[in-house]
Protein chains: 2
Amino acid sequence: MSKAILDGIRVADFSRVFAVPACAQILADLGAQVIKIEEPERGDEARYYGCNAEELAACGGASPSFHALNRNKQSVGINLALAEGREAARRLISTCDVLLHNFRVGTMEKFGLGYDDLKTDNPGLVYGEFSAYGPVGSLSHIGANDLALQAHSGLLHLTGEADRAPVRVGTAAIDLHAGVALSSAILAALFHRERTGRGQYVETSLLRSSAHLMNYFYSEYWMTGKQRSRMGTANHLSVPNQVFPAEDGYAVIIAPSDQMWERLARALDPDQLLRTEFASILDRQAHRELLVETLSAVTRTWKVDDLVHVLGEAKVNVAKVNSIAEAADHLQLSAIGGVMQQPDAEGGRKAVGSPFTMSRAGEIPFRSAPELGANTRSVFAEAGIAGAEFERLEKAGAFGLAAAQID
Amino acid sequence: MSKAILDGIRVADFSRVFAVPACAQILADLGAQVIKIEEPERGDEARYYGCNAEELAACGGASPSFHALNRNKQSVGINLALAEGREAARRLISTCDVLLHNFRVGTMEKFGLGYDDLKTDNPGLVYGEFSAYGPVGSLSHIGANDLALQAHSGLLHLTGEADRAPVRVGTAAIDLHAGVALSSAILAALFHRERTGRGQYVETSLLRSSAHLMNYFYSEYWMTGKQRSRMGTANHLSVPNQVFPAEDGYAVIIAPSDQMWERLARALDPDQLLRTEFASILDRQAHRELLVETLSAVTRTWKVDDLVHVLGEAKVNVAKVNSIAEAADHLQLSAIGGVMQQPDAEGGRKAVGSPFTMSRAGEIPFRSAPELGANTRSVFAEAGIAGAEFERLEKAGAFGLAAAQID
């Protein structure tokens, strides 16, 4: 059997909530041993996100979003407020290849766990740091989340209807984009270490991620002075290129070329749509409002599935606005290996896989997100801390009060 | 001087438009030699995106979005419709470590440039393939773009106001997320090759990227049956957690804990806001509409900068909804190295950097996006095709009619 891509790579993961856990999960799916270090009494706050007690119990004690981003990891509890906790953390890190954290700027240094504190003893360490606005600058000490960076970056300014307040991008795109970007940086550093033996410090932030998502709007502004603003579902590049209403839902229709527009018009309603005002791309731009109104009146008389079928056959770009259930359960996603499913014996859970396939990745396991502190004793034993030494640290509270009972 | 992270890595990049060019640019920023292979007469269609002739001329012949995603690359023109073009491509690929493409499913195989066609002669090749809905399944032959996958994935369903049609996420988040995910896969494959000497096939798609961006909503649905829907700027987790209007703009305000809410209320208007109906997190959820209305009436009397300043001081999560100019030019982004700037002598262009920093990356160059076919002759000379051999292919049209003049 071939080895996993990151076979033998150990990751000390001090991160919480979304972005960095998403990064660590990608490394875990590639076969790294990801050791999630949590505050021993409550753990990662994402364990409780958006759930009442009943829902938590139904999901095995942790929220769906925690499950979505923490499979294939181990959990150890460490109380970093205690000297013994920091000693345990330091010893654990010394056995690891990668460290990840998203504490506020300066916190790891306060714990004696900054990159400068560790690199001499472990020159091969790849140290990944994550923050909201980056490690320096006037905003570096301001707390922020995905929505705050949607606002700061101009993404909100572009999202919503022109004459109304901006609306939220429906998912935490900046968080997750940042997580994947950090995984690229870690993998690039591991490649470099494989060639040179040397580790390094890598870093990203919600701000860097948001700017990358907005890069072509910033370039346009820097190069031409032009600033875009929100225009509902539409797009300045072409018409139609937006959401249209159907009798029973919505569909996106995009027909940028004259030929595609003509195919659309013939397929749906030539009497209404095959008009000289709409014939060329410039005509359609000039009569944007009339076209959207006319086409909407037509699409409203169709069922959304028929619209998608007929336009698809006519080779017009079209997609249904799916609900969450329709999207998650669509057979195409599982057909391409995008859904991981445990056997019933292991819980039968489903989850979205890492966002790529590699032919040499082998079978990617799916172990559910760990219970808080579930691996404290075994992970420290592997790191050479066992017996009387483990007990000394444990008695001092390094692993929290409950460590002995859980493991 | 230390070498770049991907020093010596050569990438044959057959990709166009957004996602894969974003991936290739990350590799280029890390020091890989990225050879962009373009259709010789028009090239990557993104060269002309959203620009009229005047704007194109002002931007040096290529659109801002092309500039945003194609720096630090070389361009060669190859006509893959001709046998001589395919011969040239194959010889070029044989000198490369990585191949990237986003042709429609089956096209590279038709050219004789599928992974199975190449892996025997070049077992170390990392072959990266990208598509809309993935390489197999009922949708694999359907064309789609970022907006289509926003619709298909349920992201649009979550974006917009509850009682109105969904709106577009203002940036091509699925495209760019896919690009970064593909860069992770390529870097993981290069790490594996460094260890084992073996290349591999890696693959992703807009569909995989969109599902990753939606993963926690799908997990929630799979685990609890719950399906979210759009709620404007708000969020089901807490109140306030959304956009609020100011006298002269908008700000995002997020105060999930009772303590933070109280600090907010005292800072802005204790008479209006310090009410028992709003005291606890459950109270605020129960009186969501009243709270949003009351707080909006208060924030409307503030200038947005004052709101951000006062709430920031009170340690309440707050961010201004910036315009594109405000976001792009905000000093924080350049303070953390997020903006690349050429010296005036080289054009003085600005661009958003790759979404991470690495301490051993060295100085990252910024060579503007290449002119179409600018490097055809020199790249083929490096690949051992020069002199009479180059001329034979050139005369047959392998590099397009204009290759000789451009280089």
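Keep in mind that what you see is a predicted model, and the values were worked out from it rather than measured.

Conventions used here
Residues numbered from 1 in each chain as written. Chains lettered and ligands numbered in written order. Predicted model: local features only at pLDDT ≥ 70, side-chain atom pairs only at ≥ 80, totals over all residues. Heavy atoms only, no water. Helix = DSSP H or I, 4+ residues; strand = E, 2+ residues; numbered from the N terminus. Buried < 20%, exposed > 50% of the residue type's maximum accessible area, 1.4 Å probe, protein only. Areas by Shrake-Rupley, 256 points an atom, 1.4 Å probe, with all protein chains shown as cover. Contact = heavy atoms within 4.5 Å. Buried area = accessible area lost by both parts, 1.4 Å probe. Salt bridge = Lys/Arg side-chain N within 4 Å of Asp/Glu carboxyl O. Polar contact = N/O pair within 3.5 Å; in protein donor to acceptor, adjacent residues only side chain to side chain. Nonpolar A, V, L, I, M, F, W, Y, C, P; charged D, E, K, R; others polar. Pairing = 2+ DSSP bridges. Least-squares fit on C-alpha atoms with pLDDT ≥ 70 in both. Phe/Tyr/Trp six-rings, centres within 6.5 Å; stacked < 30°, edge-to-face > 60°. Axes fitted to C-alpha atoms, helices over the stretch in contact; angles between N-to-C directions. Expected span 1.5 Å × (residues − 1). Right-handed = clockwise from strand over helix to strand, strands pointing away.

**Q** Any chance you could explain the overall build of chain A here in plain terms?
**A** Looking only at helices and strands, one finds 20 helices and twelve strands in chain A. By the burial criterion, 60% of the 407 residues in chain A qualify as buried. Accessible area of chain A: about 15200 Å², with a carbon and sulfur share of 50%.

**Q** Please clarify how the interface of chain A and chain B should be interpreted in this entry.
**A** Accessible area lost when the parts come together is the quantity often used to give the size of an interface. In this complex, chain A contributes 135 residues to the contact, which on the side of chain B involves 135 residues. A combined buried area of about 12100 Å² lies between chain A and chain B, and 65% of that area is made up of carbon and sulfur atoms. By the criterion of area lost to chain B, the three top residues of chain A are Arg 208, Trp 222 and Ile 324 of chain A, representing 7% of everything that side buries. Linking chain A with chain B are six salt bridges. In this structure, Arg 164 of chain B engages Glu 161 of chain A in a salt bridge whose closest nitrogen and oxygen atoms are separated by 2.7 Å. Inspection of the chain A/chain B interface yields 71 residue pairs in polar contact (both at pLDDT 80 or more). Among the elements that take part in the side of chain A that touches chain B, helix α8 (residues 173-196) of chain A stands out by supplying 16 residues, more than any other. Its residues placed into classes, the side of chain A that touches chain B shows 70 nonpolar, 46 polar and 19 charged. Pairing of strand β12 (residues 357-358) of chain A with strand β6 (residues 200-205) of chain B, which is carried by two bridges, proceeds in the antiparallel orientation. Paired with Met 358 of chain A across the bridge in β6 of chain B is Val 202 of chain B.

**Q** Please clarify how the relation of the copies chain A and chain B should be interpreted in this entry.
**A** There are two copies of the chain, and a rotation about an axis plus a shift along that axis relates them. For the pair chain A and chain B, the superposition axis carries a translation of 0.0 Å, the fit reaches an RMSD of 0.0 Å, and the rotation angle comes to 180°. Considering both components of the superposition, the chain copies are consistent with a two-fold axis. Both copies contact each other with a shared surface, as 100% of the interface residues of chain A are interface residues in chain B too.

**Q** Just to check I follow, could you spell out the packing of aromatic side chains for this structure?
**A** Ring pairs (aromatic) are described by centroid distance and by the angle formed between their planes. Taken as a whole and judged by the stated rule, the model has 24 aromatic pairs over all chains. Seen from their ring centres, Tyr 218 of chain A and Trp 222 of chain A are 5.9 Å apart, and the 65° between their planes marks the pair as edge-to-face. Of the two residues, Tyr 218 of chain A and Trp 222 of chain A are both situated in helix α10 (residues 215-224); the distance of four residues between them amounts to about one turn of the helix. Tyr 218 of chain A gets classed as buried once you look at its relative accessible area, which sits at 2%. Here Phe 380 of chain B and Phe 390 of chain B contribute two aromatic rings whose centre-to-centre distance is 6.4 Å and whose plane-to-plane angle is 55°, an arrangement assigned as tilted. Residue Phe 380 of chain B is found in helix α18 (residues 376-382), and its partner Phe 390 of chain B is found in helix α19 (residues 387-395); the two are separated by ten residues along the sequence. Phe 390 of chain B matches Phe 380 of chain B in its accessibility class, with the two residues each being buried. Three or more aromatic residues link up through ring pairs in this structure, and these residues are Phe 18 and Tyr 49 of chain A together with Tyr 216 and Phe 217 of chain B.

**Q** Help me understand the side chain of Lys 320 of chain B in this model?
**A** Within the secondary structure layout, Lys 320 of chain B lies in strand β9 (residues 317-320). Assessed through its relative accessible area of 19%, Lys 320 of chain B is described here as buried. In contact with Lys 320 of chain B, not counting residues within four places along its chain, are Ala 151 and His 152 of chain A together with Tyr 250, Ala 251, Val 304, Asp 305, Val 308 and Glu 326 of chain B.

**Q** What should I look at first to understand unusual backbone geometry in this one?
**A** Glycine aside, negative phi is the norm for most residues, and most peptide bonds take the trans geometry. Between Val 239 of chain A and the following residue, Pro 240 of chain A, the backbone shows a cis peptide bond with an omega angle of -5°. Even without a glycine there, the phi angle at Val 17 of chain A is positive, about 65°. The residue Val 17 of chain A is located in the loop between β1 (10-13) and α1 (19-29) in this model. A positive phi is found at Lys 315 of chain B, a non-glycine position, where the angle reads about 55°. Checked against the element boundaries, Lys 315 of chain B lands in the loop between α15 (304-313) and β9.

**Q** Just checking my understanding: could you explain the sheet that holds strand β1 (residues 10-13) of chain B for this structure?
**A** Each strand in a sheet pairs with its neighbour through backbone hydrogen bonds, running either in the same direction (parallel) or in the opposite one (antiparallel). What the seven strands build is an open sheet, ordered β12(A)-β6(B)-β5(B)-β4(B)-β1(B)-β2(B)-β3(B); its pairing is mixed. Each of the sheet's edge strands pairs with one partner strand only, and the pair in question is β12 of chain A together with β3 (73-77) of chain B. Note that strand β5 (residues 126-131) of chain B and β6 of chain B share six bridges and pair parallel. Looking across to β6 of chain B, one finds that Tyr 127 of chain B is bridged to Tyr 201 of chain B. Here helix α8 (residues 173-196) of chain B sits on the sheet in contact with β12 of chain A together with β4 (98-101), β5 and β6 of chain B, set at roughly 165° to β6 of chain B.

**Q** Would you explain the sheet that holds strand β2 (residues 33-38) of chain A in this entry?
**A** A sheet is described by the order of its strands in space; here seven strands give the open sequence β3(A)-β2(A)-β1(A)-β4(A)-β5(A)-β6(A)-β12(B), paired in mixed fashion. Edge strands, defined here as strands with exactly one partner in the open sheet, are β3 (73-77) of chain A together with β12 (357-358) of chain B. Bridge count between strand β4 (residues 98-101) of chain A and strand β5 (residues 126-131) of chain A: four bridges; the pairing is parallel. Its bridge partner lying in β5 of chain A, Leu 99 of chain A is registered against Tyr 127 of chain A. Most of the contacts of α1 of chain A go to β4 of chain A, to which it runs at about 155°, and overall it touches β1, β2, β3, β4 and β5 of chain A.

**Q** Mind showing me how you'd approach the pairing of β5 of chain B here?
**A** A regular strand places its side chains so that they alternate between the two faces of the sheet. Burial runs high along β5 of chain B: six of the six residues are buried. Residues Val 126, Gly 128 and Phe 130 of chain B line one face of β5 of chain B and the alternating positions Tyr 127, Glu 129 and Ser 131 of chain B line the opposite face, and both faces are buried.

**Q** Help me understand α8 of chain B in this model?
**A** An α-helix turns once per 3.6 residues; consequently, residues spaced three or four apart project the same way. Residues and elements named next belong to chain B. Helix length check: α8, at 24 residues, gives a terminal C-alpha distance of 34 Å against a target of 34 Å (1.5 Å per residue), a fit within 8%. Of all 24 residues in α8, 21 are buried; the element is thus mostly enclosed. Backbone geometry just downstream of α8 places Gly 197 in the positive-phi region, at approximately 80°.

**Q** Sorry if this is basic, but what is going on with the side chain of Thr 233 of chain B here?
**A** As for its position among the elements, Thr 233 of chain B is in the loop between α10 (215-224) and β7 (241-246). A distance of 3.0 Å separates the side chain of Thr 233 of chain B from the backbone nitrogen of Val 243 of chain B, its partner in a polar contact. Filtering out sequence-adjacent residues up to four positions away, Thr 233 of chain B remains in contact with Pro 166, Val 167 and Arg 168 of chain A together with Asn 241, Gln 242 and Val 243 of chain B.

**Q** Is there a simple way to explain the pattern of salt bridges in this structure?
**A** Side-chain pairs of opposite charge can arise where the charged atoms are in close proximity. With the rule as written, the count across this model stands at 40 salt bridges over all chains. Its salt-bridge partner being Arg 195 of chain A, residue Glu 194 of chain B comes within 3.9 Å of it at the nearest N-O pair. A residue pair is termed interchain when its members come from two chains, as with Glu 194 of chain B in helix α8 and Arg 195 of chain A in helix α8. Owing to a relative accessible area of 33%, Glu 194 of chain B belongs among the partly exposed residues under this scheme. In this structure, Lys 226 of chain A engages Glu 55 of chain B in a salt bridge whose closest nitrogen and oxygen atoms are separated by 2.3 Å. Of this pair, Lys 226 of chain A sits in the loop between α10 and β7 (241-246) while Glu 55 of chain B sits in helix α2 (residues 53-58), each in a different chain. Judged by relative accessible area, which is 29%, Lys 226 of chain A ranks as partly exposed. A relative accessible area of 18% places Glu 55 of chain B in the buried class. Beyond isolated ion pairs, a larger network of salt bridges with shared partners links Asp 305, Lys 320 and Glu 326 of chain A.

**Q** Is there a simple way to explain the pairing of strand β2 (residues 33-38) of chain B in this structure?
**A** Residue and element names in this part refer to chain B. Counting buried positions along β2 yields five of six residues, so the element is predominantly enclosed. Taken together, the four bridges between β1 and β2 define a ladder with parallel strand orientation. Paired with Asp 13 across the strands is Lys 36, a residue of β2. Chirality of the crossover, the property in question, places the unit of β1, helix α1 (residues 19-29) and β2 among those that are right-handed. With five bridges joining them, β2 and β3 adopt parallel strand pairing. Bridging across to β3, Lys 36 finds its partner in Ser 75.

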